Each structure stands twice: as structure tokens, then as C-alpha cells.
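Coordinate analysis (summary)
The chain contents come next:
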Amino acid sequence: MVALVALLGLAIWSIKRHKDPHLQLDTDAPLEKLVTSISGMALGMPIGGNAVEIFENGRFFDGLLEDIAAAKCSVHFETFLWKEGRLGSRMAEAFSARARAGVQVRLVLDANGCKKMGSEAQRRMREAGCQLAMYHPRTLKNIGVVLERDHRKLAILDGRVAWVGGHCVVDEWLGDARSRGEVRDLSVRLRGPIVHAVQSAFSENWVEVTGKLFVGDDVFPPLERAGDTVAHLASVKPEGSAPAVKILHHAVICCARKRIWIQNPYFIPEPDAVQAFADAVKRGVDVRIMVPAAEASDMPVVQHAAHRNFQRLLDGGVRIFEYGRTLLHQKVMTIDGAWCAVGSSNFDDRSFETNDEITLGFLDAALARRLEEIFEADARHCVELDAARWRRRGTLHKLQDSALYLFNEVL
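In this report, we go over the structure that sits alongside the text. (Residues numbered from 1 in each chain as written. Predicted model: local features only at pLDDT ≥ 70, side-chain atom pairs only at ≥ 80, totals over all residues. Heavy atoms only, no water.)

**Overview of the overall build of the protein**
Heads up, the rule is: In DSSP terms, a helix is any run of H or I states spanning at least four residues, a strand is any run of E spanning at least two, and both are numbered starting from the N terminus. In this setup the radius of gyration rests on C-alpha atoms only. A globule is expected at 2.2 Å times the number of residues raised to 0.38. A simple rule labels every residue: compare its accessible area, found with a 1.4 Å probe on the protein chains alone, to the largest value its type can have, and call it buried under 20%, exposed over 50%, or partly exposed in between. Between two residues, a contact is recorded if the distance between any of their heavy atoms is within 4.5 Å. All accessible areas in this document rest on Shrake-Rupley with a 1.4 Å probe, and a residue is counted as covered only by the protein chains that are shown.
Along the protein, the regular secondary structure elements total 14 helices and 15 strands. In terms of C-alpha radius of gyration, the protein reaches 21 Å, essentially the compact-globule figure of 22 Å for 411 residues. Expressed as lengths along the three principal axes of its C-alpha atoms, the size of the protein is roughly 60 × 60 × 40 Å. In the protein, buried positions account for 57% of the 411 residues. Of the contacts formed within the protein by residues at least 6 apart in sequence, a portion of 81% connects residues at least 24 apart. Surface exposure of the protein reaches about 17400 Å², of which carbon and sulfur atoms provide 56%.

Following this line, the structure appears as C-alpha cells:
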């Protein structure tokens, strides 16, 4: 029995080792010259001719619901979290109305994150003709993948408009981040050829769960240029090797020469990433990280696990800001004022190695500057941590941080 347990442990370690290599990159080229390489390493490709609009807080749902109502051929939607409430009812009715109008409506919903969406919403949509696919429900046949969750948040309308970001179908996402009951979040609306890439990401989990394929101009129409933004997508999680989202995040950190500004709600970098941030500071890079304060987070245990590495980051010259107004949920990176990213991925092992995620990178200085302005505005509601003061935090706090960090890969 001992030998069997040891063999099983060795097998698990081996599997994780192949998915978690020590990523290294040495280059002097500026990031804007490396987008083709970076996107290729992340199993994507740069696609020009796109238009990107930023939607903050509850305004996201105003725009999304308008696009759903205007859809004539297909509505595709994928989310991790849906809870019963006013927003859930509005979304269910929007999908139902399109299905009753003859539009093909397909939804991929994470079975764990959407378990509180309510049977009424599901019944209403199914009766209207919506096709619902529940991702990895807790059944015996899914025992080998039950920890793998679909954490993506995206929508594609008529194959021509796509939405990607962090918004969840929960009433707290309806407000304007004015208090603890209103989540701070950000998503983007996309038009142009990149929409096909987002549609492909949706098809991955749709086909896995249903076995059904979809083809034709209703879902993959010819797409013309809609703007000047170059975009690329990272979402693939190849079996037994480093996931694309992880490669993308690590690579751009190593390429930065001026600024790395990150907003992320669950920030637990592994040692290699901590070192990459410190190395960036040594190169003269202005590295700033914004996370929610533990008391404002919906997952304070995650924040305390993150605290365990804050001292190394602060000692390495990284500036850390804690947002205390409400839950800061957006997942945003800007690099050197030239490149930026928005998506669903948290900066932790669960997102990088286990969950299905989606991150979109953009080569667009104006868009990057707008996201930097958002960072600066949010910083007014933050407390910046001080390395010396952080070192003096209480013993109980330190013990709690270290204990919870032991579970960082499953938080």
C-alpha cells in the first residue's frame, strides 16, 4: 500500500512538473517588436484590424444586453459564475427572447460556479429553445476533471461582436463600484477579425460538453477591418505542458522595459514570477500591482495566501496597492504604455494551470494609456504598502499567511 501511494504521488508530481516548467526568457527587444513571437509562444497569432471598447462596472451589461437583443443569427455565452437575482433574471429573459425569435442561443455554464443560478432561469431558457451546456458537473464520469473549472467570461453575437473580461452574472456586478455591494470590474467589446478567435475559444468547451459542432456564416461570417488595433488571444491549455495563458503573462513581464502595471483580484505569483518582477525592477521597470484589500475581497483567504510573498515583492522594489473600496475584480495588465491585456485569468496557479481561461493581448498605445488612467483613478482608493511596515505586521497575520499559502494551488 505504501508503495502504491508513493507511486501515485510520483505520478502526480510528474504531471505537474510538465505543466509547470521554470519559464525563462532573455531578450533586449522591445515588446512591441515581439508581439508576433509572444502570441506564437502562447499558441496564438497577431490579428490586425480590430476595434476595442472598454466597459466598466454595470455599464458592461447595458452594452451586452443591447447586443444580445440585436442578434439575428447566433448568441453564444460562456461564464463561470451566475447567481439567482435581478441580473440573472434579465439575462435569462434576454437569451429566451432571442431563442423565441429563432436565433440559435448556446450557453456554456460552469456547473460549480452556476449552481446557484436557480432552476427557474434554466427552465425558462430551455423551454424558450436555448441550448444549455453545463461544464464538468460533479458526476462520477467527471471525477477525473472535477477540479478543472471553466473560468472564462465571454459572449459572441452573430459571430461579429465579442465581449471578454471579468464580469459575472451576479447582482453585485450591476452597480458602479461605489460601495462594498458593487464590484469593480472591466471588460472589452471587440469588433473585427479577432472575433473569430474568441468564437473558436467558445467552441472548445461547447464541443467538449455537447459533442455538437457549429459551422457557417451565422457563427463564422466574413469579417472586415473595424479598427487599427492588433490583437491576439491566449486560451489553449495543452495536455501535459505549460498553458498558453501562463506563458503569455510570464513572457510579457520578462520583455518589459518601462512599466508593468497589473490589476488582479487574486494575485499569488509563484517564485519564478516573483523573481521576474524583481528582475524587471532591476532593469529600471516601474512595477505596480493592485489587488483588493482582504477586508474588501470576496475571498479573504486568497488575499492572505497572497500576503506570504508580498515581502519579497516589496523588498524587490515592486509597488503594491490594496484597493479597499470594494472587490476589485478586473484582470488587466499594461506593459510599457504600448501593450495591454484584458481577460478572465487571475494571477495564480489555479488560473494558469487548472482552469480554462481567456486573455486577450492588444498592441495599442491609446488603449494601454486608457487602462493606465483607470489604474491611476483606482489608486486613489488604495493604500500603498510599505516594505518596512509590512515586515512588522503581527505574528498571527504572518502565520495565517503562511498556512493559507500551502493551499495556493487550489484556492
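**A look at the packing of aromatic side chains**
The test is simple: Two rings from Phe, Tyr or Trp (for Trp, the six-membered ring) form a pair when their centres sit within 6.5 Å of each other. Planes less than 30 degrees apart are called stacked, planes more than 60 degrees apart edge-to-face, and all others tilted.
This structure, assessed with the given rule, holds 16 aromatic pairs. The rings of Phe55, Phe60, Phe61 and Trp163 are connected pair by pair, giving a single aromatic cluster.

**Let's talk about the pairing of strand E10 (residues 286-292)**
For clarity, the threshold we go by: Any two strands are treated as partners once DSSP identifies two or more bridges connecting them. Handedness rule for crossovers: strands pointing away from the viewer, path from the first strand over the helix to the second running clockwise, crossover right-handed.
E10 sits mainly inside the fold: six of its seven residues count as buried. Bridging between strand E9 (residues 259-263) and E10 involves five bridges; their strand directions are parallel. Bridging across to E10, Ile260 finds its partner in Val287. After leaving E9, the chain enters helix H8 (residues 271-282) and then returns to the sheet as E10, a path that is right-handed. Examined bridge by bridge, E10 and strand E11 (residues 319-323) share five bridges and lie parallel to one another. The residue bridging Arg288 from the neighbouring strand is Arg319, located in E11.

**A short note on helix H4 (residues 86-100)**
The condition that has to hold: Take the residue count of a helix, subtract one, and multiply by 1.5 Å to get its expected span.
Compared with an ideal rise of 1.5 Å per residue, which puts 15 residues at 21 Å, H4 spans 21 Å between its outermost C-alpha atoms and is within 8% of the ideal. Buried residues of H4: Leu87, Gly88, Met91, Ala92, Ala94, Phe95, Ser96, Arg98 and Ala99, and no others. Turning to H4, the residues buried within the fold contact helix H3 (59-70), strand E2 (74-79), strand E3 (104-110) and helix H5 (119-128). Directly beyond the C-terminal end of H4, a positive phi value near 95 degrees is found at Gly102.

**Some points on the state of the cysteines**
Which entries qualify depends on this criterion: When two cysteine sulfur atoms are found within 2.5 Å, that pair is recorded as a disulfide.
One pass over the structure, following the stated rule, counts zero disulfides. With no disulfide of its own, Cys114 has Cys168 as its nearest cysteine by sulfur position, at a separation of 8.9 Å. In this structure Cys382 is not part of a disulfide, and its nearest cysteine sulfur, from Cys340, lies 19 Å away. We classify Cys382 as buried; its relative accessible area is 16%.

**A look at a positive patch on the surface**
Counted only if it meets this: Residues enter a patch when their relative accessible area is above 30% and they make no salt bridge; the linking distance is 9 Å between like charges and 5 Å between nonpolar side chains (Val, Leu, Ile, Met, Phe, Trp, Tyr). Any Lys or Arg side-chain nitrogen found within 4 Å of a carboxyl oxygen on Asp or Glu counts as a salt bridge. When charges are counted, Lys and Arg are positive and Asp and Glu negative, with His and the chain ends excluded. In plain terms, the charge of a residue is placed at NZ if it is Lys, CZ if Arg, CG if Asp and CD if Glu.
A surface patch of like charges, here positive, comprises Lys83, Lys115, Lys116 and Arg138. Summarising the element assignment, Lys115 is placed in the loop between E3 and H5. Lys115 gets classed as exposed once you look at its relative accessible area, which sits at 59%.

**Digging into helix H12 (residues 365-379)**
Selection criterion: The arc in question is the one traced by the directions running from the helix axis out to the C-beta atoms.
Compared with an ideal rise of 1.5 Å per residue, which puts 15 residues at 21 Å, H12 spans 21 Å between its outermost C-alpha atoms and is within 8% of the ideal. Considered for burial, the residues of H12 that qualify are Leu367, Ala368, Leu371, Glu372, Ile374, Phe375 and Asp378. Down the axis, H12 shows its buried residues gathered within 155 degrees of arc, on one side only.

**Regarding the pattern of salt bridges**
Scanning all chains against the criterion turns up 24 salt bridges. Between Arg100 and Glu93 there is a salt bridge, with its nearest N and O atoms 2.7 Å apart. Accessibility expressed as a relative area gives 51% for Arg100, which makes it exposed. A salt bridge links Arg178 to Glu182, with the nearest nitrogen and oxygen atoms 2.7 Å apart.

**With respect to the side chain of Gln303**
Applied cut-off: Polar contact is defined as a pair of N or O atoms within 3.5 Å, subject to the rule that within protein one atom must be able to donate a hydrogen and the other to accept it, and that residues adjacent in sequence are counted only when both atoms are side-chain atoms.
Examined against the element boundaries, Gln303 turns out to sit in helix H9 (residues 300-307). Gln303 sits in the buried class, given a relative accessible area of 2%. A polar contact is formed between the side chain of Gln303 and the side chain of Ser297, at a distance of 3.3 Å. Setting aside anything within four residues of it in sequence, one finds Gln303 in contact with Pro265, Tyr266, Val291, Pro292, Ala293, Ala294 and Ser297.

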